[in-house]
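In case you want the letters, here they are:
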Amino acid sequence: KKSMPDSPMYTVYLALDASGSMQGTREANAFLGATLLAETSRILKFPIKLYQFENSGERLKKLDDYYCYNGGTYDYGILFQINEDMKADEQNLVFIITDGAVGGEDHRKQYLTKIREKKALIYGIGIGTGISFEDLKDRYDNPILVPQVQGLPKVLIEIMRKIIHR
């Protein structure tokens, strides 16, 4: 499809949970969903920045560097990094993909507030049965629960379609 020239342009920030509980099927489906989102962003000419988090967070040079460790689920470090990388004068989309409740509540609220001040749309996407919709709703502005992890790629594309109106 051709894109509409008057449609908004976005910078996409994608953070993947790399905690121990993501190993296996969740990791594979998170990678597939992220690959689809990255390719969609490339086609739309949206810059995309990739991250992973567990006990700490790191920016990924490429999606192939995504790897699940045995750590916990602490997204505040990656929210700090996203906030540092984000420009306030751009339209920004943030996707956090996780399978569990997160720690570091005090810090994460501070960073989420700063990201919101930059007028970013923040999507918290919970995959699997280890996280509830209520947990997501308490943590992110636009919570989405995907209980069957293999449905993640389709959900990500549906979100993009709604956002970009193309």
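Quick caveat, the model's predicted, so the values are computed rather than measured.

### Here we look at the pairing of strand β2 (residues 48-53)
Counting buried residues in β2 gives five out of six residues, a clear majority hidden from the surface. Of the pairings in the sheet, the one linking strand β1 (residues 11-17) to β2 comprises six bridges and is parallel in character. In the strand pairing of β2, Asp17 is matched with Phe53. Remark: the β1/helix α1 (residues 25-43)/β2 crossover connection has right-handed handedness. In textbook terms, the turn of a hairpin is the stretch between consecutive antiparallel strands, and for β2 and strand β3 (residues 57-60) this stretch comprises three residues.

### Focus: the nonpolar core
Within the largest apolar cluster, 31 residues are counted, with the highest numbers of intra-cluster contacts made by Phe95, Ile125 and Ile127. Residue assignment for this core shows that the elements contributing at least two residues are β1, α1, β4 (92-98), β5 (121-127) and α5 (152-164). Residues within four places of Ile125 in sequence aside, it is in contact with Phe95, Ile96, Ile97, Thr98, Leu136, Ile144, Val146, Leu152, Leu156 and Ile159. By size, the runner-up hydrophobic cluster in this structure holds 19 residues, among which are Ile96, Ala120, Ile122 and Leu136.

### Quick notes on the sheet that holds β2
The six strands are arranged β3-β2-β1-β4-β5-β6 in an open sheet whose pairing can be described as mixed. Since the sheet does not close on itself, it has two edges, and those belong to β3 and β6 (142-146), each with one partner. When strand polarity is set aside, the average angle formed by the axes of neighbouring strands in this sheet is 20 degrees. Inspection of the sheet shows β2 paired to β3 by four bridges, in the antiparallel sense. Its bridge partner being in β3, Gln52 is matched across the sheet by Glu58. Sheet strands in contact with α1 are β1, β2, β4 and β5, and its direction is about 175 degrees off that of β1. In this fold helix α2 (residues 76-85) packs onto β1, β2, β3 and β4, with an angle of close to 160 degrees to the strand it touches most, β2.

### Looking at the pattern of salt bridges
Counted according to the given criterion, the structure contains eight salt bridges. The salt bridge partner of Arg59 is Asp85, with a shortest N-O separation of 3.8 Å. Separated by 26 residues along the polypeptide, Arg59 in strand β3 and Asp85 in helix α2 bring together distant segments of the chain. Taking relative accessible area as the criterion, Arg59 reaches 43% and is therefore assigned partly exposed. Taking the shortest distance from any N to any O, the salt bridge between Asp135 and Arg139 comes out at 3.7 Å. One end of the pair, Asp135, and the other, Arg139, are both in helix α4 (residues 133-139), four residues apart, so they sit about a helical turn from each other.

About the criteria used
Residues numbered from 1 in each chain as written. Predicted model: local features only at pLDDT ≥ 70, side-chain atom pairs only at ≥ 80, totals over all residues. Heavy atoms only, no water. Buried < 20%, exposed > 50% of the residue type's maximum accessible area, 1.4 Å probe, protein only. Helix = DSSP H or I, 4+ residues; strand = E, 2+ residues; numbered from the N terminus. Pairing = 2+ DSSP bridges. Right-handed = clockwise from strand over helix to strand, strands pointing away. Core = buried A, V, L, I, M, F, W, Y, C linked by side-chain atoms within 4.5 Å. Contact = heavy atoms within 4.5 Å. Axes fitted to C-alpha atoms, helices over the stretch in contact; angles between N-to-C directions. Salt bridge = Lys/Arg side-chain N within 4 Å of Asp/Glu carboxyl O.

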